[in-house]
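# Descriptive structure summary
Read off the chains here:
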Amino acid sequence: MCFGRGVRRRSRWAATAGALAAACLPPSSTVAAQPSRDAAWDAVAAGVERVATYERGATGTAGSWWAVVDARGIVRLGAGGRRARGTDRAATTDDRLRVGAVTQTVTALAVLRLVARGQLDLDAPLAANVRRALPTGANVTLRQLLSHRAGLVQESPVGHSFDTTVVSLERAVASMRTTRMLASPGANVAYSNAGVAVAARALEVAAGIAYDAVAERELFGPLAMRSSDFAERPGDAETIGEGWTIAGPPEPASHALLGLRPAVGLRTTVRDLARMLLALVRGGRDTAGAAWLDPTALAQMTMPSGGVELGLRAIVDGTGRRLEQSGVVPGFAAHLIIDPGDSVGVVVVLNNSAGAAAVERIAREALRLARDAHAGHAVVAGVIGGEPGNGAASAAVVIAGRPALPSAAIASLLGLYENGLMALLIGERDGRVWLTTPDRWIADAALAGDTLRTTVGPHGRGETFVAERDMRGRVVAVHAWGLRLVRRRLGPESGNQLRVSPVRPLAALRREALAAAPPVETGRDAPVELVELSRLDSTIRLEVRYATSNNLYGAPFYTQARAFLQRPAAEALARVSAALRPLGVGLLVHDGYRPWYVTRMFWDAAAPSVKPFVADPGKGSKHNRGAAVDLALYDLASGATVPMPSTYDETTLRAYPDWPGGTSRERWARDLLRAAMEREGFTVYDYEWWHFDYAGWARWPLLNTPFERLGAAR
């Protein structure tokens, strides 16, 4: 989970008491609006949907959901895109969604309802049966628990939020007795799902009923949040998001229940979230205008407590003060913002848990537009820069110098560790260990033997990660958060690319491919002039894998080890080579122009499981046009290949150009190559750090000329 950053403030408007009682929610629609309100709010809806549409395209997200509320009764709901990738079912404002850390806002509000009735005290000791379940020294209060200043570990050993086995809160909190304090209560802010669970258990004890029933009685019922609970209902799987990945495209997420429901388990709709937002911006009144939460108790939620309030975070800067909450769970990212001064609020959800930054950008724009509409200012859509889908490839990388190699102890730990739901990447930068999860939880850690302890991170210092080794001394798993995360095999231990067996003899496939012809195309009218790279620049070395048996299929496909590109691309590559020489590295080319018949052989030799990794000859490839090159780097002084995060032609996560694993030295070399290539008009392929396409590749036709007919080899 993570908290959002600031939003620029445009205006302030004091809501009147009579206006507070006038709010009501509109019926559901793709962009639902109250016809009695002025056109400014229609402009807000159009502006939010515009930026949401852009962010869906830029991040590859299937669906987006949002709500904008105003204390005077202006409410807009919106949904765009699809419920899930691979379906044509449109997203609607009544789809049930996971909303991650917004769950703890629900817990905080339920606690405040009991505080207002005198059943709980934010600053008194917890009930004895709750205190006994905590580690020694955990003399914490509800205020510390809900403001993440209790010093507890991030996850409870039993019923943690990475588990799909739902256990009782009593059992989950009881397991906390086996943990240790990470800091003294009140010492610092460190996010803790376990702390939220303890607060929810205190809520259960005070109310005398289960947490789910407390949430229904205190929040969902009074605010008419009829689609909100912590269970799975029929149809929930139809609105399923895509899950966290360390690198590369997102993967379908599990829709199983999450173990620690008070921290991360809420399922709801943007319509219901709008009702909750409306009650907050209206000073504790429900959708009918009746008193729901005493203003004195509500003030406790926003009372500063070391920077983190109860269930929300206050952002204070030169533009004013606002309250935020955001978080990610498998499949979804959510961001909620309340401006108590302007009495407006927004919430945005994406069904992509890699979309934390995107959902925050949408929410910021929604709040900006809502503030202007609230104040009666002109609603002007913001500027959306760039084009969707460019990703990290659009950013130039500046390389300052070659990093040192990590110690052997650190190198032995580097890798990806998983348990089917949770993943942890152990990496290295500047000679230090760093840890990350797919939701971009990042921490530095110190290594002592086989134990890592965080030194800097979002959850404070002292979280422990212990390596498990096999009989040969190799690290095979890491124990963290009460989980055993197994090391994933990412690449071949041989150091070469992966190998697959052709489904048919290559000799027969060659005869058939040479007898076939490429598909007929139109509009490919750029002049064809294939230039041999080694003739253009003598420092460009060749290691043409498909002229050897050291390739994916373990057999030669080319009869000559040669590499060609169309002249503009070849000359651009020569400029890349010249730019890299002062850094002591040269270009090592694995492949360039590829005759179409070879692509046909690759395809016909591939089993169904391999076909996604090879080009379809029915469409041809950029290699067939002489506009793509596969290459790496070599050391000019020694001639040795420069190590990269993966080997050439790997079909693994390590091959992604934004893979954050490996060593600093390996990533430096990969990013150096990419930066130099992009400066000369090449674009890296999303799945392979070594594959680059030249700008304007679509202008050249598919070619099928064998190397033997391209002049004498040098």
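A quick note: this is a predicted structure, and the numbers were derived from the prediction, not measured.

When you go through the protein chain residue by residue, the secondary structure sums to 18 helices and 26 strands. For the protein chain, buried positions account for 56% of its 714 residues. Considering only contacts in the protein chain between residues 6 or more positions apart, those separated by 24 or more positions represent 69%. For the protein chain, the computed accessible surface area is about 27300 Å², with 53% contributed by carbon and sulfur atoms.

The next point concerns the pattern of salt bridges. One pass over the structure, following the stated rule, counts 43 salt bridges. With its nearest N and O atoms 2.8 Å apart, the salt bridge here joins Arg 361 to Glu 55. One end of the pair, Arg 361, is in helix α12 (residues 356-375); the other, Glu 55, is in helix α2 (residues 39-59), with 306 residues separating them in the sequence. A relative accessible area of 40% places Arg 361 in the partly exposed class. The closest approach of N and O atoms between Arg 271 and Asp 94, which form a salt bridge, is 2.9 Å. Linking Arg 271 in helix α10 (residues 270-281) with Asp 94 in the loop between β3 (75-81) and β4 (97-98), this pair joins segments that are 177 residues apart in sequence. With a relative accessible area of 9%, Arg 271 lands in the buried category. Connected via shared salt-bridge partners are Arg 113, Arg 117, Arg 217 and Glu 218.

This part covers the sheet that holds strand β16 (residues 451-456). Taken in spatial order, the 8 strands close into a barrel running β12-β13-β14-β15-β16-β17-β18-β19, and their pairing is antiparallel. Neighbouring strand axes in the sheet, compared pairwise and without regard to direction, differ in orientation by 30 degrees on average. Note that strand β18 (residues 475-480) and strand β19 (residues 483-487) share 4 bridges and pair antiparallel. The residue of β19 that forms the bridge with Ala 477 is Val 486.

Turning to the packing of helix α3 (residues 102-116) against helix α8 (residues 211-220), a few remarks are in order. For the pair α3 and α8, interaxial distance at closest approach is 9 Å and the crossing angle is 75 degrees. By the angle between their directions, the pair α3 and α8 is classed as roughly perpendicular. The segment α3 lies against α8, with Thr 103, Val 106, Thr 107, Leu 109, Ala 110, Arg 113 and Leu 114 engaging Tyr 211, Val 214, Ala 215, Arg 217, Glu 218, Leu 219 and Phe 220.

This part is about the pairing of β18. Direction of pairing for strand β17 (residues 464-469) relative to β18: antiparallel, over a ladder of 4 bridges. When the bridges of β18 are listed, Glu 468 appears paired with Ala 477.

This part is about the sheet that holds strand β24 (residues 628-635). Ordered by their spatial adjacency, 5 strands build an open sheet running β21-β23-β24-β26-β25, and the pairing between neighbours is mixed. Because the sheet does not close on itself, it has two edges, and the strands there are β21 (541-542) and β25 (682-685). Strand direction decides the pairing type here: β24 and strand β26 (residues 688-694), joined by 3 bridges, are antiparallel. From the neighbouring strand, Ala 628 faces β26, where its bridge partner is Asp 693. Across the sheet, helix α16 (residues 567-580) touches β23 (585-591), β24, β25 and β26, and the angle it forms with β23 is around 145 degrees. Across the sheet, helix α18 (residues 664-679) touches β23, β24, β25 and β26, and the angle it forms with β24 is around 130 degrees.

Formed by 83 residues in total, the largest nonpolar core has its most connected members in Leu 126, Leu 142, Leu 145, Leu 219 and Met 276. Not counting residues up to four positions away in its chain, the partners in contact with Leu 145 are Leu 126, Val 140, Ala 150, Leu 152, Gly 195, Val 198 and Ala 199. Formed by 59 residues, the second largest nonpolar core is a distinct cluster that contains Ala 513, Val 598, Leu 673 and Met 677.

Before going further, it helps to spend a moment on the pairing of strand β14 (residues 432-436). Within β14, 4 of the 5 residues are buried, leaving the element largely enclosed by the surrounding structure. Of the strand pairs in this sheet, strand β13 (residues 423-429) and β14 are connected by 5 bridges, and their pairing is antiparallel. Bridge pairing in β14 links Gly 427 to Trp 434. Linking β13 back to β14 in an antiparallel pair, the connection comprises 2 residues, with Asp 430 at a positive phi of about 55 degrees. The pairing of β14 with strand β15 (residues 442-448) spans 4 bridges and is classified as antiparallel. Bridge assignment links Trp 434 to a residue of β15, and that residue is Asp 444.

Moving on to unusual backbone geometry. Phi is positive for Ala 224, close to 55 degrees, though the residue is something other than glycine. By the element assignment, Ala 224 lies in the loop between α8 and β5 (242-243). Assessed through its relative accessible area of 23%, Ala 224 is described here as partly exposed. You will see that Ser 343, though not glycine, has its phi angle at about 55 degrees, which is positive. With respect to the helices, strands and loops of the structure, Ser 343 is situated in the loop between β10 (332-339) and β11 (344-350).

Right, let's talk about the packing of aromatic side chains for a bit. Counted under the stated rule, the structure contains 16 aromatic pairs. When the ring of Tyr 546 is compared with that of Tyr 558, the centres are 6.5 Å apart and the planes differ by 65 degrees; the resulting orientation is edge-to-face. A residue pair is termed long-range when its members are at least 10 positions apart, and Tyr 546 in the loop between β21 and β22 (564-566) and Tyr 558 in the loop between β21 and β22 qualify at 12 residues. Tyr 546 sits in the buried class, given a relative accessible area of 4%. Taken together, the ring pairs in this structure connect Tyr 546, Tyr 553, Phe 557, Tyr 558, Phe 564, Tyr 593, Phe 602 and Phe 707 into an aromatic cluster. Positioned above the aromatic ring of Trp 603 is the side chain of Lys 611, whose terminal nitrogen or guanidinium carbon lies 4.3 Å from the ring centre.

Now for the packing of helix α7 (residues 193-207) against α8. In contact at an axis separation of 9 Å, α7 and α8 are set at 75 degrees when each is read in the N-to-C sense. Relative to α8, the element α7 lies roughly perpendicular. From α7, Ala 200, Leu 203, Glu 204 and Ala 207 reach across to α8, where they touch Tyr 211, Val 214 and Arg 217. For the contact of α7 with α8, a count of residues per class yields 5 nonpolar, no polar and 2 charged.

What follows deals with the confidence of the model for the protein chain. In this model, the protein chain carries an average pLDDT of 83, and 85% of its residues clear a pLDDT of 70 or more. The spread of mean pLDDT over the elements of the protein chain runs between helix α1 (residues 17-20), the lowest at 27, and β22, the highest at 97. Ignoring residues within four places in sequence, the model shows residues 385-400, a span with pLDDT below 50, making 21 contacts including any to other chains.

We now examine the environment of Pro 252. Among the secondary structure elements, Pro 252 is positioned in strand β6 (residues 251-252). Assessed through its relative accessible area of 74%, Pro 252 is described here as exposed. The spatial distance from the C-alpha of Pro 252 to the C-alpha of Ala 84 is 9.0 Å, given a sequence separation of 168 residues. Beyond its immediate stretch of four places on either side in the chain, Pro 252 contacts Gly 241, Glu 242 and Gly 243.

Before going further, it helps to examine α18. When the terminal C-alpha atoms of α18 are compared, their 22 Å separation across 16 residues agrees well with the 22 Å that a helix rising 1.5 Å per residue should span. By the criterion of burial, α18 is predominantly enclosed, with 14 of the 16 residues buried. Directly beyond the C-terminal end of α18, a positive phi value near 95 degrees is found at Gly 681.

Let's shift gears to the environment of Asn 129. By secondary structure assignment, the location of Asn 129 is in helix α4 (residues 128-131). Ignoring any residue separated from it by four or fewer positions in sequence, one finds Asn 129 in contact with Arg 201 and Val 205.

Cut-offs used in this document
- Residues numbered from 1 in each chain as written.
- Predicted model: local features only at pLDDT ≥ 70, side-chain atom pairs only at ≥ 80, totals over all residues.
- Heavy atoms only, no water.
- Helix = DSSP H or I, 4+ residues; strand = E, 2+ residues; numbered from the N terminus.
- Buried < 20%, exposed > 50% of the residue type's maximum accessible area, 1.4 Å probe, protein only.
- Contact = heavy atoms within 4.5 Å.
- Areas by Shrake-Rupley, 256 points an atom, 1.4 Å probe, with all protein chains shown as cover.
- Salt bridge = Lys/Arg side-chain N within 4 Å of Asp/Glu carboxyl O.
- Pairing = 2+ DSSP bridges.
- Axes fitted to C-alpha atoms, helices over the stretch in contact; angles between N-to-C directions.
- Parallel < 35°, antiparallel > 145°, perpendicular 65-115°, else oblique.
- Core = buried A, V, L, I, M, F, W, Y, C linked by side-chain atoms within 4.5 Å.
- Phe/Tyr/Trp six-rings, centres within 6.5 Å; stacked < 30°, edge-to-face > 60°.
- Lys NZ or Arg CZ within 6 Å of the ring centre and 35° of its normal.
- Nonpolar A, V, L, I, M, F, W, Y, C, P; charged D, E, K, R; others polar.
- pLDDT = per-residue confidence, 0-100.
- Expected span 1.5 Å × (residues − 1).

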